[in-house]
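Breakdown of the fold
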Amino acid sequence: RSVSGRPPVAEVMVPLVATVSEIDMLKEVIKSTAQRVQEEQGAKLTYRIGTMIELPRAALMAGPIASTTEFFSFGTNDLTQTTWGL
């Protein structure tokens, strides 16, 4: 339990995703792993799956990526560097 008395909600942020198919594939891995942990530990895990938009292609695909994730964040430093090829 958190200080507020509510159960915590973990946020699993997947880095360096460029396409919807990548995040969808990784979401399945995360969900199956969480299910296994819940069964082994006998505990309910509350979590959200999202991604960091840090590649130019991901920025261009942000709309479709947003439709399949529960949250995302723009990694502006990495996005700037990968845009300029640094």
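Keep in mind it's a predicted model, so treat the numbers as computed, not measured.

The subject of this paragraph is the side chain of Thr-69. Examined against the element boundaries, Thr-69 turns out to sit in the loop between α3 (62-68) and β3 (71-74). A distance of 3.1 Å separates a polar atom in the side chain of Thr-69 from the backbone oxygen of Ile-65. Setting aside residues no more than four positions away along its own chain, Thr-69 makes contact with Ile-23, Ile-49, Gly-50 and Thr-51.

Moving on to the environment of Leu-45. Relative to the helices and strands, Leu-45 is located in the loop between α1 (20-41) and β2 (47-53). For Leu-45, a relative accessible area of 34% corresponds to the partly exposed category. A C-alpha to C-alpha distance of 7.2 Å links Leu-45 and Ala-34, two positions 11 residues apart in sequence. Ignoring sequence-local partners within four residues, the contact set of Leu-45 consists of Ala-34, Val-37 and Gln-38.

With that settled, the discussion passes to the nonpolar core. The biggest cluster of nonpolar side chains holds eight residues, and these are Val-14, Val-17, Ile-23, Ile-30, Ile-49, Ile-53, Ala-58 and Ile-65. Among the elements of the structure, α1 and β2 are those that each provide at least two residues to this core.

So, how was this worked out
Residues numbered from 1 in each chain as written. Predicted model: local features only at pLDDT ≥ 70, side-chain atom pairs only at ≥ 80, totals over all residues. Heavy atoms only, no water. Helix = DSSP H or I, 4+ residues; strand = E, 2+ residues; numbered from the N terminus. Polar contact = N/O pair within 3.5 Å; in protein donor to acceptor, adjacent residues only side chain to side chain. Contact = heavy atoms within 4.5 Å. Buried < 20%, exposed > 50% of the residue type's maximum accessible area, 1.4 Å probe, protein only. Core = buried A, V, L, I, M, F, W, Y, C linked by side-chain atoms within 4.5 Å.

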